[in-house]
Amino acid sequence: MSSSKVKQSNTILNVLIIAVGAIFLFRAIILILASFGVVFPEFIDDLIGSIAGVAALGSQGVVSLVLAFWCIVCGLGMFKEAEWAMGQALVVLSVTVATTIDSVITLITNPASFDFTDISGWINLIAFIVGVVGFIWLLLTRRRYD
């Protein structure tokens, strides 16, 4: 029997963090390509228009790309209950909340403004919920990473 034992992971949270990373990666690719003038089908043009103004496409894409990378890295590291991954996840989840909170505040203050067909709104809402719940869960279960 090995003396170092990997504890049971928070599998659902790990998968959700990786999924949020994949969603941010999709958003980043679309926004970065759009900032270079790539022409997309109409439904993707609608997505791009709902995410950011034309001037902000490149910077929004870069932020989404960085979040995607670190979400995926820490989600994978958390399967091994790595202490560094827990710290990284806390940072990634807090930045995710910070970058999506504007959309959620708008939804709360003006629910009629939420467009159920707008994929960007759903991305922000899902990322915000995963960020808040994941951050709280990690704080409550932090001893498992000692």
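As the structure is a prediction and not an experimental result, all values here were calculated from the model.

Caption draft 1: Structural context of the overall build of the chain. Within the chain, the secondary structure is distributed over five helices and zero strands. The order of helices and strands in the chain, counted from the N terminus, is α-α-α-α-α. The buried share of the chain, taken over its 146 residues, is 39%. Long-range pairs, those at least 24 residues apart, make up 72% of the contacts in the chain with a sequence separation of at least 6.

Caption draft 2: Unusual backbone geometry, seen in detail. With phi around 55°, Glu-81 is a residue other than glycine that occupies positive phi space. Note that Glu-81 resides in the loop between α3 (57–78) and α4 (83–109). For Glu-81, a relative accessible area of 7% translates into the label buried.

Caption draft 3: Highlighting the packing of aromatic side chains. The final tally for this structure, using the stated rule, is two aromatic pairs. Centre to centre, the rings of Phe-114 and Trp-122 are 5.2 Å apart; their planes meet at 85°, and the pair counts as edge-to-face. Taking the relative accessible area as the measure of exposure, Phe-114 reaches 14% and is therefore buried.

Caption draft 4: Local environment of the environment of Phe-69. Positionally, Phe-69 belongs in helix α3. Accessibility expressed as a relative area gives 47% for Phe-69, which makes it partly exposed. Residues Phe-69 and Ile-18, spaced 51 residues apart in sequence, show a C-alpha to C-alpha distance of 9.2 Å.

Caption draft 5: Representation of the packing of helix α1 (residues 11–35) against helix α5 (residues 119–140). The N-to-C vectors of α1 and α5 enclose an angle of 150°; their axes lie 10 Å apart at closest approach. Between α1 and α5, the angle falls in the class roughly antiparallel. Note on packing geometry: the crossing formed by α1 with α5 is left-handed. Residue-level inspection shows Leu-13, Leu-16, Val-20, Ile-23, Phe-24 and Arg-27 of α1 in contact with α5, the latter providing Ser-120, Ile-123, Asn-124, Ala-127, Val-130, Gly-134, Trp-137 and Leu-138.

Caption draft 6: Structural context of the environment of Lys-80. With respect to the secondary-structure elements, Lys-80 resides in the loop between α3 and α4. Relative accessible area serves as the criterion here: at 64%, Lys-80 is assigned to the exposed category. The sequence separation of Lys-80 and Asn-10 amounts to 70 residues, and the corresponding C-alpha distance is 9.9 Å.

Caption draft 7: Structural detail: α4. When the terminal C-alpha atoms of α4 are compared, their 38 Å separation across 27 residues agrees well with the 39 Å that a helix rising 1.5 Å per residue should span. Taking the largest bend as the criterion, α4 deviates by roughly 50°, centred on Thr-100. Those residues of α4 lying buried are Ala-85, Met-86, Gln-88, Ala-89, Leu-90, Val-92, Leu-93, Thr-96, Val-97, Thr-100 and Val-104.

Caption draft 8: Highlighting α1. Over its 25 residues, α1 runs 36 Å from end to end, which matches the ideal 36 Å to within 8%, given 1.5 Å per residue. Of all the residues in α1, the buried ones are Leu-13, Asn-14, Ile-17, Val-20, Gly-21, Phe-24, Arg-27, Ala-28, Ile-30, Leu-31 and Ala-34. Just downstream of α1, Gly-37 is the residue with a positive phi angle, here 85°.

Cut-off values and rules
Residues numbered from 1 in each chain as written. Predicted model: local features only at pLDDT ≥ 70, side-chain atom pairs only at ≥ 80, totals over all residues. Heavy atoms only, no water. Helix = DSSP H or I, 4+ residues; strand = E, 2+ residues; numbered from the N terminus. Buried < 20%, exposed > 50% of the residue type's maximum accessible area, 1.4 Å probe, protein only. Contact = heavy atoms within 4.5 Å. Phe/Tyr/Trp six-rings, centres within 6.5 Å; stacked < 30°, edge-to-face > 60°. Axes fitted to C-alpha atoms, helices over the stretch in contact; angles between N-to-C directions. Parallel < 35°, antiparallel > 145°, perpendicular 65-115°, else oblique. Left-handed = near helix turned anticlockwise from the far one by under 90°. Expected span 1.5 Å × (residues − 1). Bend = angle between axes of the 7 residues up to and from the residue.

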